[in-house]
There are 2 protein chains.
Amino acid sequence: MNQPEAGTPPPVPETEYDIYRVKPGSTVDLTKWQTSEKGGFEKDEAKQLQKDVRDELAELQRKLYAEGQQSLLVVLQATDTGGKDGTIRNVFGGVNPQGVRVASFKQPTDEELAHDFLWRIHQETPARGMIRVFNRSHYEDVLIVRVKEIVPESVWRPRYHTINEFERGLALAGTRIVKIFLHISKDEQKARLQARLDDPNKHWKFSLGDLKEREYWEDYQQAFADMLTHCSTDYAPWYVIPADRKWYRNLVITRILVDVLKGMDPHYPQNEDDLSNVVIE
Amino acid sequence: MNQPEAGTPPPVPETEYDIYRVKPGSTVDLTKWQTSEKGGFEKDEAKQLQKDVRDELAELQRKLYAEGQQSLLVVLQATDTGGKDGTIRNVFGGVNPQGVRVASFKQPTDEELAHDFLWRIHQETPARGMIRVFNRSHYEDVLIVRVKEIVPESVWRPRYHTINEFERGLALAGTRIVKIFLHISKDEQKARLQARLDDPNKHWKFSLGDLKEREYWEDYQQAFADMLTHCSTDYAPWYVIPADRKWYRNLVITRILVDVLKGMDPHYPQNEDDLSNVVIE
């Protein structure tokens, strides 16, 4: 049998922050990637700038929605306290909620576990015209599942390939995929956990389980690195975002999304009817 | 057989704008309800105020989400060009998209039509902690379905009761239901359709079908009035919002939601563990 040819989806457009994009084929060593960089910005300046860029994002989303042909999938992964929730709030807070939907993947249900690991994911991929944000994702199945040895390596290792081919299928169908890894230092995680302890209004966010997870820090870093190494493709690249400074993280991510959407170049559609002589009674 | 007793859900909390709330048991004549009122406000003043109130909404949503016990369902209905999309964008644009989800109900699919009319609706009701916005809703099944005679009166007429009892069930389970009817005049609809014709960037929003629907204006007004008359309950009231002025509409709706959420009084949860001696390594 001849091997059928794989389709070649269009690459995700270039962005101003492609220094953070993981080059397909490269091997990622996370100790060599910045966590606290600020790109020469001061906090207030970056915050103001991010608001302006966010307005651009909102306008591009309107065109994407009106056009109804392409979609954007944003995958967010991070260690605990990495800032996924804050990123979603800040980056997408100004965008019309009618056009952006967040899917949070928690511990799988019994029904979900009765299927392959992509079953629940596929149900949440974006429709044409939509932006979908994944708060955690199918990558948990090569992260926590690997670190906690929930399945043996013979099961999780082939998933890198399965994921790449799944994402290829989405990309061929018109979905652009941007995958964001929020990269924080171990010290920054400590500070953020401490802040949750110190503020009674944040106690509900604190779990003793987080301290247990922290003991696996090195294992998680290795699992993240392997995920970044094996699953950054032209059509679904990973970006490693320095995320110790929330305001820099927000600015960079918003800009990446704006650049990608600009490259997707959505347009308000034409009306197929001749409207030149229409009179409204 | 004895008739079992119906549960009594808590009423939706009072709001500053309960003049627009349809009193259960009253008969609605829409010609007696304002469309162009502006409540003594000027445009710029109302817009600024709405932004402030929207910040309150965002903060209340965070508590609702953190608490994870109650949910809020906002149902939006209107004639074509009534402003549902603009309302969603303006009222919820500043709220964390992780906690608010919009469900748009379009023409039902074959699979949806193979079930009872509430089947697709029930799948979209909000989980605890969430705000869900319905852009159109189960009420289409007593509106367009009635006006276009898609089913006979013997089928659609009992739906008012079916809907009330469905909503009672949701309310008993912890969902507060706020139903918003955007009330515009026939002249305002004309102006809005004309604006879409005049601006090439809005042509995609214009459909010749909208002119056909406009011919049924009176029939729709009657169907709306009956819906408001039969389905405004203490636990799921209808509000008739003067919607000719978009900025007044936005302000009033945002305030209603803030007042309802305040009445729901969500709290950040306590942590059940003793955190007093926790040390982070």
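Residues numbered from 1 in each chain as written. Chains lettered and ligands numbered in written order. Predicted model: local features only at pLDDT ≥ 70, side-chain atom pairs only at ≥ 80, totals over all residues. Heavy atoms only, no water.

(A) Representation of the environment of Ala195 of chain A. All names here are of chain A. Topologically, Ala195 is positioned in helix 8 (residues 186-198). Given the relative accessible area of 32%, Ala195 is considered partly exposed. Considered as a pair, Ala195 and Phe206 are eleven residues apart in the sequence and their alpha carbons are 9.7 Å apart. (Helix = DSSP H or I, 4+ residues; strand = E, 2+ residues; numbered from the N terminus. Buried < 20%, exposed > 50% of the residue type's maximum accessible area, 1.4 Å probe, protein only.)

(B) Layout of the interface of chain A and chain B. Tallying the contact residues gives 40 residues for chain A and 40 residues for chain B. Interface of chain A and chain B: buried area, both sides summed, is about 3,700 Å²; carbon and sulfur atoms make up 58% of it. Counting the contacts that link chain A with chain B gives two salt bridges. In this structure, Glu124 of chain A and Arg101 of chain B form a salt bridge, with 3.9 Å as the shortest nitrogen-oxygen distance. Remark: the boundary between chain A and chain B carries 14 residue pairs in polar contact (both at pLDDT 80 or more). Among the elements of the structure, helix 1 (43-67), helix 2 (84-92), strand 2 (100-104), strand 3 (131-135), helix 8 and helix 9 (208-214) of chain A are those that each provide at least two residues to the side of chain A that touches chain B. Here the side of chain A that touches chain B takes five residues from strand 2 of chain A, the largest share from any one element. (Contact = heavy atoms within 4.5 Å. Buried area = accessible area lost by both parts, 1.4 Å probe. Salt bridge = Lys/Arg side-chain N within 4 Å of Asp/Glu carboxyl O. Polar contact = N/O pair within 3.5 Å; in protein donor to acceptor, adjacent residues only side chain to side chain.)

(C) Representation of the pattern of salt bridges in the model. Within this structure, the stated rule accounts for 34 salt bridges over all chains. Glu124 of chain A serves as the salt-bridge partner of Arg132 of chain A, at 2.6 Å between the closest nitrogen and oxygen. Given a relative accessible area of 8%, Arg132 of chain A falls into the buried group. Arg136 of chain B is the salt-bridge partner of Asp80 of chain B, the closest N and O atoms lying 3.4 Å from each other. With Asp80 of chain B in the loop between strand 1 (71-78) and helix 2 (84-92) and Arg136 of chain B in the loop between strand 3 (131-135) and helix 5 (144-147), this residue pair connects regions lying 56 residues apart in the sequence. Its relative accessible area of 25% is what places Arg136 of chain B among the partly exposed residues. When salt bridges with common partners are traced through the structure, they connect Asp80, Arg136 and Glu140 of chain A into a single cluster.

(D) Up close: the pairing of strand 3 of chain B. All names here are of chain B. Taking burial as the measure, the five residues of strand 3 include five buried ones, the bulk of the element. Residues of strand 3 alternate between two faces, with Ile131, Val133 and Asn135 on one and Arg132 and Phe134 on the opposite face, all of them buried. Taken together, the five bridges between strand 1 and strand 3 define a ladder with parallel strand orientation. Its bridge partner lying in strand 3, Leu76 is registered against Asn135. The sheet contact formed by strand 2 (residues 100-104) and strand 3 spans five bridges and is parallel. Within strand 3, the residue paired with Ala103 across the bridge is Phe134. (Pairing = 2+ DSSP bridges.)

(E) Examining helix 9 (residues 208-215) of chain B more closely. Residues and elements named next belong to chain B. Those residues of helix 9 not exposed but buried are Asp210, Leu211, Glu213 and Arg214. Buried residues of helix 9 fall within an arc of 160° about the axis and therefore sit on the same side. Of the residues in helix 9, the exposed ones pointing more than 90 degrees away from the buried face are Lys212 and Glu215. N-capping of helix 9 is provided by Ser207, with a side-chain oxygen placed 2.9 Å from the backbone N of Gly209. (Arc of directions from axis to C-beta.)

(F) Here's a closer look at the confidence of the model for chain A. Scored by pLDDT, chain A has a mean of 95; 100% of the residues are at 70 or more. Both scores are given for the predicted complex: the pTM is 0.89, the ipTM 0.81. (pLDDT = per-residue confidence, 0-100.)

(G) How the structure looks around the side chain of Arg101 of chain A. Within the secondary structure, Arg101 of chain A sits in strand 2. There is a polar contact of 2.7 Å between the side chain of Arg101 of chain A and the backbone oxygen of Val102 of chain B. Among residues more than four places away in sequence, those in contact with Arg101 of chain A are Ile131, Arg132 and Val133 of chain A together with Arg101, Val102, Ala103, Glu124 and Arg132 of chain B.

(H) Representation of a positive patch on the surface in the model. On the surface, Lys43, Lys47, Lys51, Lys202, Lys205 and Lys246 of chain A together with Arg62 of chain B cluster together to form a positively charged patch. Element by element, the count of residues in the positive patch is highest for helix 1 of chain A, at three residues. Considering the arrangement of structural elements, one finds Lys205 of chain A in the loop between helix 8 and helix 9. According to the relative accessible area criterion, Lys205 of chain A is partly exposed, its value standing at 33%. (Patch = residues over 30% accessible without salt bridge, like charges linked within 9 Å, V, L, I, M, F, W, Y side chains within 5 Å. Areas by Shrake-Rupley, 256 points an atom, 1.4 Å probe, with all protein chains shown as cover. Lys, Arg positive; Asp, Glu negative; His and termini not counted. Charge placed at Lys NZ, Arg CZ, Asp CG, Glu CD.)

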